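The residues making up each chain are set out below.
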Amino acid sequence: MAETFRIGLLGHGTVGSAFEVLLNERADAFVPITGMRPEITGILTRSRGNFEEVLENADLIVELIGGIDPARDYVLRAIRAGRHVVSANKQLLSQYGEELWACARQHGVQLRFEGAVAGVVPVIRVLQETLAATRVERIHGIVNGTTNYILSEMAQRGLTYEEALRHAQELGYAEADPTDDVTGRDAAAKMAILARLAFSTPVHLDQVVYEGIEHLTADDMEYAKELGLGLKLIGTAERVDGGISVRVHPAFLYRGHPLASVDGPFNAVTVESETITEVTLSGPGAGGPQTATAVLGDVVSAMIPPASTPETTESLPVVNDVESGFYLHMEVADRPGVLAQIAELLGMQGASIRSVVQKGLGENARLVMVLHPLLESRFYAAVRLIGQLDFIRAAPRAIRVIDEEFT
Ligand SMILES: NC(=O)c1ccc[n+]([C@@H]2O[C@H](COP(=O)([O-])OP(=O)(O)OC[C@H]3O[C@@H](n4cnc5c(N)ncnc54)[C@H](OP(=O)(O)O)[C@@H]3O)[C@@H](O)[C@H]2O)c1
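What counts as what
Residue numbers here run from 1 along each chain, matching the order of that chain's written sequence. Totals for whole chains, interfaces and linings use all residues, but because this is a predicted model, local features are given only for residues with pLDDT of at least 70 and pairs of side-chain atoms are given and counted only at 80 or more. Note that the side-chain values use all heavy atoms of the structure and ignore hydrogens as well as water. The helix and strand labels rest on DSSP assignments: H or I over at least four residues marks a helix, E over at least two residues marks a strand, and numbering proceeds from the N terminus. Radius of gyration here is computed from C-alpha atoms only, and the compact-globule reference equals 2.2 Å multiplied by the residue count raised to the power 0.38. To sort residues, take the accessible area from a 1.4 Å probe on protein chains only and compare it with the maximum for the residue type: under 20% means buried, over 50% means exposed, and anything in between is partly exposed. Values of accessible area rely on a 1.4 Å probe in the Shrake-Rupley scheme; residue burial ignores everything except the protein chains shown. His is not counted here, nor are the chain ends, while Lys and Arg score as positive and Asp and Glu score as negative. We put the charge of a Lys on NZ, of an Arg on CZ, of an Asp on CG and of a Glu on CD. Only when DSSP finds a minimum of two bridges between them are two strands counted as paired. In this description, contact between two residues means that some pair of their heavy atoms is separated by no more than 4.5 Å. The patches described consist of residues with a relative accessible area above 30% and no salt bridge, like charges being joined within 9 Å and nonpolar side chains (Val, Leu, Ile, Met, Phe, Trp, Tyr) within 5 Å. Salt bridge, as used here: a side-chain nitrogen of Lys or Arg that lies within 4 Å of a carboxyl oxygen of Asp or Glu. What a helix is expected to span follows from its residue count: subtract one and scale by 1.5 Å. Between N or O atoms, a polar contact is any pair within 3.5 Å; within protein, one atom must be a potential hydrogen donor and the other a potential acceptor, and residues adjacent in sequence are included only when both atoms are from side chains. The set of buried Ala, Val, Leu, Ile, Met, Phe, Trp, Tyr and Cys residues whose side-chain atoms join them within 4.5 Å is what this entry labels a nonpolar core. To be near a molecule or strand, a residue needs just one of its heavy atoms within 4 Å of it. For this scheme, ten residues count as nonpolar: Ala, Val, Leu, Ile, Met, Phe, Trp, Tyr, Cys and Pro. Four count as charged, namely Asp, Glu, Lys and Arg, and the remainder, Gly too, count as polar.

Undergrad: Please explain the overall build of the chain as it appears in this structure.
TA: Of regular secondary structure, the chain possesses 14 helices and 15 strands. Computed over C-alpha atoms, the radius of gyration of the chain comes to 24 Å, within 12% of the 22 Å expected from 2.2 N^0.38 for 407 residues, which places it in the range of a compact globule. Considered along the principal axes of its C-alpha atoms, the chain spans approximately 85 × 45 × 35 Å. Counting every position in the chain, which comprises 407 residues, the buried fraction comes to 54%. Just so you have it, the chain exposes about 17,100 Å², and 48% of that area is on carbon and sulfur atoms. Here the chain holds 34 positive side-chain charges and 53 negative ones, and the gap between their average locations is 0 Å.

Undergrad: Even after reading the chapter, I still don't get unusual backbone geometry, so can you show me in this structure?
TA: Most of the time, phi is negative for any residue but glycine, and the peptide bond is trans. Cis geometry marks the peptide bond from Asp-69 to Pro-70, where omega comes out at 10°. Within the element layout of this structure, Pro-70 appears in the loop between β3 (60-63) and α4 (71-80). Within the chain, Ser-200 stands out as a residue other than glycine whose phi angle is a positive 50°. Within the secondary structure, Ser-200 is located in the loop between α10 (185-199) and β7 (209-210). The partly exposed category is assigned to Ser-200, whose relative accessible area is 24%. Residue Asp-241 is not a glycine yet carries a positive backbone phi of 50°.

Undergrad: I would appreciate a short explanation of the pairing of strand β13 (residues 353-361) in the present structure.
TA: A regular strand places its side chains on the two faces of the sheet in alternate fashion. With eight bridges joining them, β13 and strand β14 (residues 364-375) adopt antiparallel strand pairing. Bridge pairing links Val-356 to Met-369 in β14. If you look at the hairpin formed by β13 and β14, you'll find two residues sitting between the two strands, and Gly-362 has a positive phi there, around 75°.

Undergrad: Is there a simple way to think about the environment of Ile-139 in this case?
TA: Tracing the backbone shows Ile-139 in strand β6 (residues 138-142). Sequence-wise, Ile-139 and Val-269 are 130 residues apart; in three dimensions their C-alpha atoms are separated by 6.9 Å. If we ignore the near neighbours within four places in the chain, the residues touching Ile-139 are Leu-127, Met-191, Leu-194, Ala-198, Gly-235, Thr-236, Ala-237, Val-269 and Thr-270.

Undergrad: Hey, could you run me through a nonpolar patch on the surface in this one?
TA: Taken together, the side chains of Leu-339, Ile-353 and Val-356 present a nonpolar region at the surface, about 200 Å² in accessible area. Mapped onto the elements, Ile-353 comes out in strand β13. When its relative accessible area of 32% is taken as the criterion, Ile-353 is described as partly exposed.

Undergrad: Please clarify how the pattern of salt bridges should be interpreted in this entry.
TA: Side chains carrying opposite charge are able to pair once their charged atoms draw close together. Summed over all chains, the structure comprises 23 salt bridges. Arg-37 serves as the salt-bridge partner of Asp-28, at 2.7 Å between the closest nitrogen and oxygen. On the accessibility criterion, Asp-28 (52% relative accessible area) is exposed. The residue Lys-359 makes a salt bridge to Glu-226 at a minimum N-O spacing of 2.6 Å. With Lys-359 in strand β13 and Glu-226 in helix α11 (residues 218-226), the pair connects residues that are 133 residues apart, well separated along the chain.

Undergrad: Help me out: how do you make sense of helix α7 (residues 145-157) in this one?
TA: Helical geometry note: an α-helix holds 3.6 residues per turn, so side chains three or four residues apart project in the same direction. In this model, α7 (13 residues) spans 18 Å end to end at C-alpha, consistent with the 18 Å of a helix rising 1.5 Å per residue. The element α7 is largely enclosed, with a buried count of ten among its 13 residues. Looking at α7, one finds that the buried residues are Gly-145, Thr-146, Thr-147, Asn-148, Tyr-149, Ile-150, Leu-151, Ser-152, Glu-153 and Met-154. Elements in contact with the buried residues of α7: β6, α8 (161-170), α9 (179-182), α11, β8 (229-240) and β10 (266-273). N-capping of α7 is provided by Asn-144, with a side-chain oxygen placed 3.2 Å from the backbone N of Thr-146. Backbone geometry just downstream of α7 places Gly-158 in the positive-phi region, at approximately 65°.

Undergrad: What should I look at first to understand the nonpolar core in this one?
TA: Generally speaking, soluble globular proteins have nonpolar side chains that are buried together. Residues Val-117, Leu-127, Ile-139, Ile-150 and Leu-194 are the most contacted members of the largest nonpolar core, which totals 86 residues. Every residue in contact with Leu-127, bar those within four places of it in the chain, is listed here: Ala-132, Val-136, Ile-139, Leu-194, Leu-197, Ala-198 and Val-271. Core analysis: the second largest hydrophobic core is formed by 24 residues, Phe-19, Phe-30, Met-36 and Met-303 among them.

Undergrad: Can you walk me through the site of the ligand in this structure?
TA: Around the ligand sit 19 residues in total, of which His-12, Thr-14, Val-15, Arg-46 and Gly-287 are the nearest. Arg-46 has a polar side-chain atom sitting 2.8 Å from an oxygen atom of the ligand. Between the ligand and the protein, one listed contact pairs an oxygen atom with a side-chain N or O atom of Lys-90 at 3.2 Å. Alone, the ligand offers 900 Å² of accessible surface; in the complex the protein occludes 73% of this. Looking at the shell around the ligand, its residues break down into six nonpolar, eleven polar and two charged.

Undergrad: For this particular structure, what's the right way to read the sheet that holds strand β4 (residues 84-87)?
TA: The strands making up a sheet associate through hydrogen bonds between their backbones, and the pairing can be parallel or antiparallel. Pairing is parallel in the open sheet, where five strands are placed in the order β2-β1-β3-β4-β5. At either margin of the open sheet sits one strand with a lone partner, and together these are β2 (36-44) and β5 (111-112). The pairing of strand β1 (residues 3-10) with β2 spans eight bridges and is parallel. Bridged to Phe-5 within β2 is Pro-38.

Note that every value here comes from positions in space, so none of it alone points to a role or purpose.
Here it is in structure tokens:
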């Protein structure tokens with residue numbers, strides 16, 4: 001009989017219950033790999049179990065409660081008691097990661113968190129181990145399946161944002177309260193974790209600039225198609241001017257970009273560096289059984305020691321004014337000289353136009369253009385002035401364009 005590896009499970013909701021089912025199915029398969037058979041020896045929910053007892057009877061704690069309190073306290077207590085911890089809690093790690101990782105190093109235990117970013121897509125392990133030898137320059141990620149599903153529906157079926165959100169809720173891809181997803185906050189937490197691992201510098205959720213998808217329209221999708229672009233909610237973590245920039249916002253991608261074809265509730269992450277050019281990982285980004293697969297994979301890894309999240313070795317400044325391509329959407333009076341005046345204001349800020357589409361709307365016209373990359377501060381300075389021109393009929397709208405294709 002193989003020795004039992006005892007697991008204390010905190011949380012028995014969507015992921016926790018799927019974890020129990022998966023563990024029962026797969027436990028025997030790990031005996032030849034680890035010499036032990038994992039087994040759940042205690043479960044804690046709001047109405048069931050006692051934390052001290054669950055901890056006492058466990059070699060490893062799986063935290064699937066979510067949020068900060070009481071998850072942070074339980075994880076710290078488990079680590080201090082010398083237990084390995086596996087968690088899928090992005091909010092906790094993006095806000096208290098440094099404290100938890102330091103505590104795990106101090107107590108010589110593992111804190112694993114593959115399920116916290118991009119579900120079953122193994123991006124944490126790849127950054128920490130497989131790509132440890134490369135100096136990562138940039139990460140682009142579609143790390144929120146809910147928003148990717150909504151944007152795919154808008155693009156492919158011409159739905160409005162509200163209609164696509166309703167579909168996502170009916171199919172269980174979006175929560176009844178979708179705020180964290182659609183405002184970009186959920187993706188920002190995941191990008192903070194990825195940036196910390198990629199650049200070995202502390203990154204807190206509060207340092208991530210994020211913007212959501214609520215203001216996007218079916219119109220944007222139509223013009224994007226004409227311009228050969230696809231619209232995604234993109235998380236970016238990159239080295240800029242001796243520092244780093246970590247941000248989440250909607251962005252247009254040209255079709256040659258590896259993330260342009262990632263549709264529906266899928267997630268994908270592209271890691272770029274000089275030596276490897278780019279590596280893209282993609283797959284299901286959420287869901288009980290999918291996330292449980294990542295969590296159980298972490299449990300198996302923890303059964304084969306050692307591994308820990310190294311201390312930060314850098315202290316890089318976070319840079320917020322970065323270069324980007326832009327899509328600019330304007331409603332203007334249809335009269336001579338309009339395009340020239342707009343082009344002049346853009347030119348004064350060093351912006352150069354990559355493509356333009358113009359459509360007549362009776363007395364007015366819709367002018368949509370894509371600009372080559374320039375500093376965001378300079379672009380928005382031009383947009384402020386354009387917004388004041390007398391022929392502008394509605395506030396100009398801007399969306400970033402990732403002006404890059406890999407061939
Ligand atoms: N769902 C996904 O697709 C997904 C994907 C990736 C990552 N995650 C992460 O996985 C974690 C769990 O998510 P989930 O969707 O499984 O959540 P969930 O369905 O809401 O389940 C949460 C569980 O935690 C328990 N719980 C809540 N507060 C508690 C407390 N104060 N003390 C003890 N237990 C408490 C709940 O108890 P009751 O049963 O008594 O209510 C429930 O069993 C979160 O960190 C989430 O971000 C989820």
